[in-house]
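A look at the structure
Residues per chain, in single letters:
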Amino acid sequence: MIKQVQSSFRKILLSRILLLTVPVLILGQYIIYRKARSTLLDTARQNLKESADRKAEDIQLWAKSLESNLINASESYVLQSGQTEEYQKYVEQLYQMLPTQVRCVQLSNLQTSEIIASTCDHESINFPSLNIWPAQHRQLIREMSNVDISYIWPEQLNSDRFSSDDTVAQKKQVSLGLSVPVYVAEGSERQLRYALSINSDLPMQTNRRRGSLAGSTVVINYKGTILASPDPDRVGRNISDGPDAERLKHIIRNAQEGRKDFIHIFSFEEIDVSKNSNSNPLREFIDEFKKILPELLGLKLSADDEFLVGYAPTSSPVDRDDDQKWIVLAITPIDFALSGLRQVQKVLIILIFGLVGASVMATIYLARDLARPLEKLRDYALAVNDLDSPNKVPISLRIREFNQLAIALESMVYRLKRWANQLEVTSKEAQVANQLKSEFLANISHELRTPLNGIIGSIQLIDDGFCDTKEEEKEFLKQANDSAIHLLRIIDDILDIRRIDSETLSIYLQDVDIGKLLHETIDSFREYIKQKSLLLKLNIPEQVIIVNADQEKLKQVFENVISNAIKFTEKGSINICLIQEYNNFIVAENTNNLSDNYGGKENRVLVKIEDTGIGINPEQQDKLFQPFVMVDGTKTRKFGGNGLGLAISRGLMEMMNGSIHLYSEGVDQGTTVDIIMPIKKQQDIQTEMQLNS
């Protein structure tokens, strides 16, 4: 059979609390993280959508600005004058005045295809056709339609020819060629002679900073050709040839309908130029750990190739057709859009470890605070193997329930001690009872044998003819009769105590004159008192005092008490008095007015029997009302008796709603017995008299 492994309360509590708190802490941090990510992502989406709209407006303004500047420049006095020596200087000045996207300015002769002035160095702008403008004009025509705009696709250049990657990227971007006619005055006519052209890049904004929500600019025409992109290799290519083409086509369809929105795309191949190209093994390990840890904790920002795109349509400056629009994208890697979440991510990771550590520490302290009181109570319970142990229950515990448990444990130990004491007392009492039983059997056998021997001896003497006269024979018969009566009383006492204990003794309550009954009982003992030369003192009022009692049983109580008083008194006196008590005051014994006696004030009557006999040890007084108990229970006792008198008397008095009490100051100090009975009220007596009449 597998033995069950036990663990301490402290370990179980620690593990359970950690199993509850740590997942809750991590879950709470994850929810906070997801909420922060959702908020930042919503902000980035809105900002990118607005950024795409601004970029589209910027392209419109840029195109119109170039057209306007170019028309104004073509109508300048220098170009109109025909002074060719000033053209180069003017072109250079114009180049400085134009926007930074303008690569170069060129003035060419349409008739000879000769470049008159240029800032393009080794490059040249495509010559416009001579047929696209009228050959002559009488007046200046300031129309935007006179501006010829065409695409200049990136050259297939070798990057070794250029000094930097930025130059390569610039050369690979699509640019626009804008040309306007220059009419030179010849007489009254203006003849078409020159074309003023500029080569300009699109106004690109590349997002090179984390946290920037402007996004990099990507321009796509209505056919899906990429006109501008942060990735030069994709310029001039169609979106169908690249990754995530379906989402990009969805963007074109929405933009053609005039909608402005945002979308998530994947694998647009934008390069995060903010990364440091220097290789550091330790740094690479830390970066890899940073990538793995968020994945383990569920705090990864996004997919590695995910981009967030805001888009807006704008009119094409080349095609001049409302249906042939450009789509301007503001695109940024999702990591850039959520770069603020990286700080939140770091804080949350630190917070998770901090809260877990704090939770562990708090759990350790909590487990200690909860386990220590239990350990103290355990140590106390283990130490209290002996009920007499001096160890005390731990108190002043900081937790109320443990204090209550300590009090309950102390109360339990106290009850166990009390029960142990009671068991010890009961055991001693059982031993005493067993001893008393043995003594009682010895005494009762002696008490029974004595009258039986008297009966047998008297009858045998008569039967054997040893009586000389008739009077002597009657004397022996009288002795046998007295012994038989004494034997009968002993047997009656035994039967009475059994009936009292089993509550089967019958009593017959009636009105009894207690004073008269007391006199009758005393008269039966006068000869016995005279034989022992004792002084009898009586104080019994003559007035009638009625009690509700069984006359025979009450007389039996009086006989038992008076008999004991005479038996245990060798010399001195016996004092018997009858006292009325009401409201705890004693009424004068010599009151003869019957109406005063039954005026309703009397409460009870007290029969006090005092002797100057051997007295009783105070420690043994409570035992005298137990059956078979006597002060001297040995076989060599000086006084006779079976030890049932007081026990029977107490049982009879309780059955008659009375009581009996015994008191002695000690050995040879005499004994006082109080017999108390309730007095019957006068109104009860009058009612009975009326019923009887």
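One structure accompanies this document, and this report is about it. (Residues numbered from 1 in each chain as written. Predicted model: local features only at pLDDT ≥ 70, side-chain atom pairs only at ≥ 80, totals over all residues. Heavy atoms only, no water.)

A look at the pattern of salt bridges
Put simply, the test is: Whenever Lys or Arg places a side-chain nitrogen within 4 Å of a carboxyl oxygen from Asp or Glu, that contact is recorded as a salt bridge. Helical segments are the DSSP runs of H or I of at least four residues, strand segments are the runs of E of at least two, and each set is numbered from the N terminus. The cut-offs for exposure are 20% and 50% of the maximum accessible area for each residue type, with area from a 1.4 Å probe on protein chains only; residues under the lower value are buried, those over the upper are exposed, and the others partly exposed.
All told, the structure shown has 8 salt bridges when counted by the stated rule. Salt-bridge contacts for Glu424 lead to Lys428; the nearest nitrogen and oxygen are separated by 3.7 Å. Pair noted here: Glu424 and Lys428 are both in helix 9 (residues 400-463), with a separation of 4 residues, about one helical turn. With a shortest N-O distance of 2.7 Å, Arg526 and Asp523 are connected by a salt bridge. By relative accessible area, which is 42% here, Asp523 ends up partly exposed.

As for unusual backbone geometry
Unlike most non-glycine residues, Ser533 shows phi in positive territory, near 60°. Examined against the element boundaries, Ser533 turns out to sit in the loop between helix 12 (526-531) and strand 13 (535-539). Relative accessible area serves as the criterion here: at 62%, Ser533 is assigned to the exposed category. Despite not being glycine, Asp668 has its phi angle at roughly 65°, a positive value. Mapped onto the secondary structure, Asp668 falls in the loop between strand 18 (659-663) and strand 19 (671-678).

Focus on the packing of aromatic side chains
Each pair of aromatic rings is reported with the distance of its centres and the angle of its planes. Spelled out, the test is: In summary, the pairing rule links any two rings of Phe, Tyr or Trp, Trp by its six-membered ring, whose centres are within 6.5 Å, and it sorts them by plane angle into stacked for under 30 degrees, edge-to-face for over 60 and tilted for everything else.
Tallying each qualifying case throughout the model produces 2 aromatic pairs. Plain terms: the ring middles of Tyr87 and Tyr194 are 5.4 Å apart, the flat faces sit at 85° to each other, and that makes the pair edge-to-face. On the criterion of sequence distance, the pair formed by Tyr87 in helix 3 (residues 87-97) and Tyr194 in strand 6 (residues 189-201) is long-range, its members being 107 residues apart. Exposure class is identical for Tyr87 and Tyr194. Each is buried. Judged by centre distance (6.3 Å) and plane angle (25°), the ring pair of Tyr151 and Trp326 falls under stacked. Residue Tyr151 is located in strand 4 (residues 148-152), and its partner Trp326 is located in strand 11 (residues 325-333); the two are separated by 175 residues in the primary sequence. Each member of the pair, Tyr151 as well as Trp326, carries the same accessibility label: buried.

Overview of the packing of helix 11 (residues 514-523) against helix 13 (residues 551-567)
Selection criterion: Note on method: axes are straight lines fitted to C-alpha atoms, helices fitted across the in-contact stretch only, with angles between N-to-C directions ranging 0 to 180 degrees. Just so you know how the angles are binned, under 35 degrees is roughly parallel, over 145 roughly antiparallel, 65 to 115 roughly perpendicular, and the rest oblique. For any pair of crossing helices, the crossing counts as left-handed if the nearer helix is rotated counterclockwise from the farther one by less than a right angle, and right-handed if it is rotated clockwise. Note on contacts: a residue pair qualifies if any of its non-hydrogen atoms lie within 4.5 Å across the two residues. In this classification, the charged set is Asp, Glu, Lys and Arg, the nonpolar set is Ala, Val, Leu, Ile, Met, Phe, Trp, Tyr, Cys and Pro, and all remaining amino acids, among them Gly, are polar.
Look at helix 11 against helix 13: their axes get within 10 Å of each other, and the N-to-C directions meet at 50°. In terms of orientation, helix 11 lies oblique with respect to helix 13. When you trace helix 11 past helix 13, the crossing you get is right-handed. Along its contact with helix 11, which presents Ile514, Leu517, Leu518, Glu520, Thr521 and Ile522, the element helix 13 presents Gln551, Leu554, Lys555, Phe558, Glu559 and Ile562. For the contact of helix 11 with helix 13, the residue count by class is 7 nonpolar, 2 polar and 3 charged.

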